[in-house]
Each structure stands twice: as structure tokens, then as C-alpha cells.
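# Tertiary structure, described
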Amino acid sequence: MNSAARARILLVDDEPAQRRGLARALVRDFDVLTAEDGPAALGLLATTRVEAVLLDLTMPRMGGAEVLEHIKARFSDVEVVVMAAHSEVEAAVAAVRAGAYAFVMKPVDPEAAASITIERAIERRRLVARARALEERVGEHEQLGEVITSSAAMQDAYRKALGVAALGAPLLLVGERGTGRELVARAVHRRGPRAGGRFVAVDCSALPGPRAEEELFGDEREAAPDGRAGAGLIDAADKGTLFLDEVSALSLAAQARLLRLLTHGEIARAGGEPRRVDVRVIASTCADLRERAAAGQLREDLLYRLGVVVVELPPLRRRREDIALLASHYLSRYARAHGRDVNRIGPEAARLLREHAWPGNARELESAIEHAVISARGEAILPADLPPSVSGRPEPERRPPRDALVLPAQLCELPYAEAKERAVDAFDRIYVRRVMQRAGDNLSEAARQAGMDRSNFRRLKKKVAARGDEGSSREAREGQEARDALEMREARGARLAQAGARAAADAEAGPDDDDAG
């Protein structure tokens, strides 16, 4: 085990010679504590941090099964590996069912059995602890309704946004779609003095063009019971926060009225007194507002007013340390939502998640994990469970009807037995290649998708490969034979042509002079 990750273990054995021998061997890889019986072991665990226990099943004062029960009840995060004689296999299996990580047989080989098994037990303990820590962090963020991140860049942006939560100045959030702009806006609302008011989110790009102003500012032609004009979304956010997503999508006329709201806190009325509205505006965009202003699509004075405080939210590809944290969060959420027993992400699937570019940011990651949770057939998410855009595998083809098989015309010209043999060979070759591609060249996953035992699928793959080599050589022989036959036909045709040319020449020349005399 790496010295930087050197673990402390407890060896519990009532036989002094075996205890000393094992301790001397294991100390090369671990910090080893020893105990001669169960009570001594439990006393050490109560005062000393230990990651794993190597426990003899047969001891006089307190049996190993009883010690295991106490450890799992009081020190549940400690992994236990039990040692058993060959006559105690049933007891060892029962210990594993009771919570032990594994068992090793006596006489114990410290190199080949105990050390490796303990290393794996400690690795599992650390993975579980890491996953639990991730879940706790995610739970804290969910409880507060905050952005889930461990990225320094995202944390800086989040702190900057929360730093102005108590102010009434406009806030502009800049970032790609799916980077959490609305989440940050909601967090700012909750942390500010308007938390008791409403948070009204408006997607400006989705507002109906001709009626966008009425939706936002209200209909001046309609009167509410209190004498005010027909209320709009801004009125709904009075005393609270108005979040304008993709603010640059507003028409120039709506931008002019928004500027007045930001500058004077009021909404102008045609032919009447403006009405006051107490609202905090948070805007967001994924566009370059300066380019929009230069192109005449955004009022320049509105740009300055919106940009009093600007916070840029980095895309997911620039904060890859957040991918595992977010994936764990979405996995827990959708496993609960869909009632699936999926609780972890396999190492190869995790690698694909880390390496993907995530053009859709956290929103795309969320969709990918939900897809994987629904597709998974076991407790772990595998590469084949991820969407093709993430796993890199081709889109699944629709299964054709049973009578949709098309045979090449050449096969139908062969005898039945030979045609069937060649068709089966081609099917096996194509099927194995497609399944392996879909499984990311993972043999176990390909066998699972094919509904076959791993060893049977491996034999089929080898048989296909052997047939391919044989078929290649056979095709080469057949091709050479065809070329030889063509050359013979061409040579024979050339000879016939030459003979015909000589006969024609003799006929044109007529009889020789000597013959005439």
C-alpha cells in the first residue's frame, strides 16, 4: 500500500506465535496493532482510529462472531476480514453475511491472502466514506437550495453574487445555458432582504412577441379591483425579485420601459401617472451584450444599467471537478424518483463523464444521468447505460421485423447448405462487432447485452475471429483463381483473334505465282 495512504489495522488472534508472525509480515504495508482477545480488541477500537480488523473466528473468551457483531454495532465504518480454518468455512460464510468484508483461510499467507484482502477492504471503506461525504455535501446544498460545486472558479462567482444579495442594485449573470444562472439568482433572493417576497422567473426569449410588453408590464386597458392597470409579471414580483432570463431577447420598446423601471422604480402609464413598483431585478444572458448593443439590438444605456454588478458563471468543461459531485447528486435524485436500485457509477462510465465536453453544461449532465438510471440493469451505471452522445457508441438501431432479412443474390445461387453456412458466418461476425461497439469493447458488458454467459460469448468472439482469418485467406484464394481464369480466357481469345487475322490476310492475298505456273 502507498505509504502516503498507510492505514492502521488491528490484528486479533489468541495464538501468540501466529499473532507475532502475521504482525511482522503485515507491518511492511500497514501500521499494525494487536490484541489477544475480543475484549482487548474492542477496548482498542474505542480509543484508537482503525480502518480494518483482521479477526480470528475461534477465540476462547469471546468468539470471533460475537466480536464482529460488536464491531458492526459500535464501529460500523471499520472493515473486518475474518480468519478461519478449513473446518470453519460455514462459520466464515456466515460472518461475511453478518457484515465482514471477506474471509481468508488458515494457515494465513500474509502476502497472497491477508495483505491483498485487507488492502481491498480498506479501499472499499475509503470509497464508501468518500461517497458518504459527497452525499452529505449534496444534502447540505439541497437543503439550502444552493449551487452544488467544489470548483474554485464557481465558488468565487457564487461568493461574488451572494456578496451583493443585501443590496438593491441590478445584478447581471453571464454564462452559457445550463450553468446554473437561475439557481444563483434564487440563492441571491433567499439571502437578501426580499426573501419574504416572491421570486418571479421570466424567460424573455419565450414571451410572445406582440404581447411581451403586456405580459411584463401589464395591460393598461384592463383595470384591477384596486384601480391599477391589469397586473403583469413585474407587479407579481412587487416587494420581491424579478429574474429576467435572456434579457437581450426583449424588444427595444420593452427595453425602454425596463430601463425606466431600473432607473426610477416605476412603470409608465399612457396618459396617466406612473405607478411605483418595488422590485429587485436580476438579469441573465448567454449572449455578448456589447455585440448586441453595437448591432442596435440592445439599448446601450440599458446595458450600463443592467451591468452594475456582473458575475460570470464558468461552463462545466472549465470546472471538471464538479462533474463527479453533480453526477452523484443527480444519481441519488433520479434513483429515488424512478424507484431504481442504482447506487453508483462504474469506473469506465465515470471516465466517460469526466472526458465529455458537456456543451449543455449541468443540464446535459442531469439528462445523461437520468437516462443512465433508467437504462441501468444493475446497481452500477455502465458505459452502455449512458446516452450515445456521451459514451461515443452509435445510436441504437431499430430492431427489424423477423421477415426483414435481405439475402444477397449470390447466396441464393449456392447450394442450400453452403448458402446457410455463409449467412450464419456473416451474421455472427456482424452481430459480435456491433455488440462489442455498443458495449465500448467491454467483453462482460457485451455478453450481458447479448444475453450470454461471458465464457460462451468469448468463445463466439474467438470463433468469429478465426473464421475471419480463414475467410480472408479463402477469399484471397478464390480471388486469385478468378483472376487466373480471366487471364486464361483473355489469352485464349487473343490466340483466336490472331488466327482469324492470319486467315483473313491469306484470303486477300490470293494464290502464289508459283502455284499459277
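Above this note sits the structure.
We now turn to the structure provided with this report.

Reading the values: rules and limits
Residues numbered from 1 in each chain as written. Predicted model: local features only at pLDDT ≥ 70, side-chain atom pairs only at ≥ 80, totals over all residues. Heavy atoms only, no water. Core = buried A, V, L, I, M, F, W, Y, C linked by side-chain atoms within 4.5 Å. Buried < 20%, exposed > 50% of the residue type's maximum accessible area, 1.4 Å probe, protein only. Helix = DSSP H or I, 4+ residues; strand = E, 2+ residues; numbered from the N terminus. Axes fitted to C-alpha atoms, helices over the stretch in contact; angles between N-to-C directions. Parallel < 35°, antiparallel > 145°, perpendicular 65-115°, else oblique. Left-handed = near helix turned anticlockwise from the far one by under 90°. Contact = heavy atoms within 4.5 Å. Arc of directions from axis to C-beta. Salt bridge = Lys/Arg side-chain N within 4 Å of Asp/Glu carboxyl O. Pairing = 2+ DSSP bridges. Phe/Tyr/Trp six-rings, centres within 6.5 Å; stacked < 30°, edge-to-face > 60°.

### Description of the nonpolar core
- Of all hydrophobic cores here, the largest spans 30 residues; its most connected members are I234, L242, L244 and L258.
- Of the residues forming this core, the biggest block, five residues, is contributed by helix α10 (residues 252-264).
- Ranked by size, the runner-up nonpolar core spans 24 residues in total, among them L325, L365, A376 and V390.

### Observations concerning the packing of helix α6 (residues 152-163) against helix α7 (residues 181-191)
- Closest axis-to-axis distance for the α6/α7 pair is 9 Å, and the angle between their directions is 40°. When the axis of α6 is compared with that of α7, the two are oblique. Handedness of the α6/α7 crossing: right-handed. Listed contacts from α7 to Y158, A161 and L162 of α6 are V184, A187, V188 and R191.

### Some details on helix α1 (residues 16-26)
- Of the residues making up α1, those classed as buried are R19, L22, A23, A25 and L26. Buried residues of α1, viewed axially, fall in a sector of 165°; they line one side. Those residues of α1 that are exposed and angled more than 90 degrees off the buried face are A17 and R24.

### A look at the pattern of salt bridges
- Within this structure, the stated rule accounts for 20 salt bridges.
- A salt bridge links D31 to R6, with the shortest nitrogen-to-oxygen separation between them at 2.9 Å. Of this pair, D31 sits in strand β2 (residues 31-35) while R6 is found in the segment before β1 (8-12), placing the two residues 25 residues apart along the sequence.
- Take R6: its relative accessible area is 29%, and that puts it in the partly exposed class.
- Notably, a salt bridge pairs K106 with D56, separated by 2.7 Å at the nearest N-O pair. Taken as a pair, K106 in the loop between β5 (102-105) and α5 (110-144) and D56 in strand β3 (residues 52-56) lie far apart in primary sequence, 50 residues in all.

### Focus on the sheet that holds strand β7 (residues 199-203)
- Judged by pairing direction, the sheet is parallel, and its five strands sit side by side in the order β7-β10-β13-β6-β14 without closing on themselves. Edge positions in the open sheet fall to β7 and β14 (309-312), since each of these has one partner strand only. Shown here is a sheet whose adjacent strand axes are inclined to one another by a mean of 20°, direction ignored.
- In terms of strand pairing, β7 meets strand β10 (residues 241-245) through five bridges, oriented parallel. When the sheet's bridge partners are listed, D203 is paired in β10 with D245.
- Along the sheet, α6 makes contact with β6 (171-174) and β14, crossing β14 at roughly 155°.

### Overview of the packing of aromatic side chains
- On inspection of all chains with the given rule, the structure shows two aromatic pairs.
- Ring geometry for F199 against F243: centres 6.1 Å apart, planes inclined by 20°, an arrangement best described as stacked. Note that F199 is positioned in strand β7 and F243 in strand β10, a separation of 44 residues in sequence.
- Classification of F199 by relative accessible area gives buried; the value is 15%.
- Given the relative accessible area of 1%, F243 is considered buried.
- Taking 5.6 Å as the distance between ring centres and 25° as the angle between the ring planes, the aromatic pair formed by F427 and Y431 counts as stacked. One end of the pair, F427, and the other, Y431, are both in helix α18 (residues 416-438), four residues apart, so they sit about a helical turn from each other.

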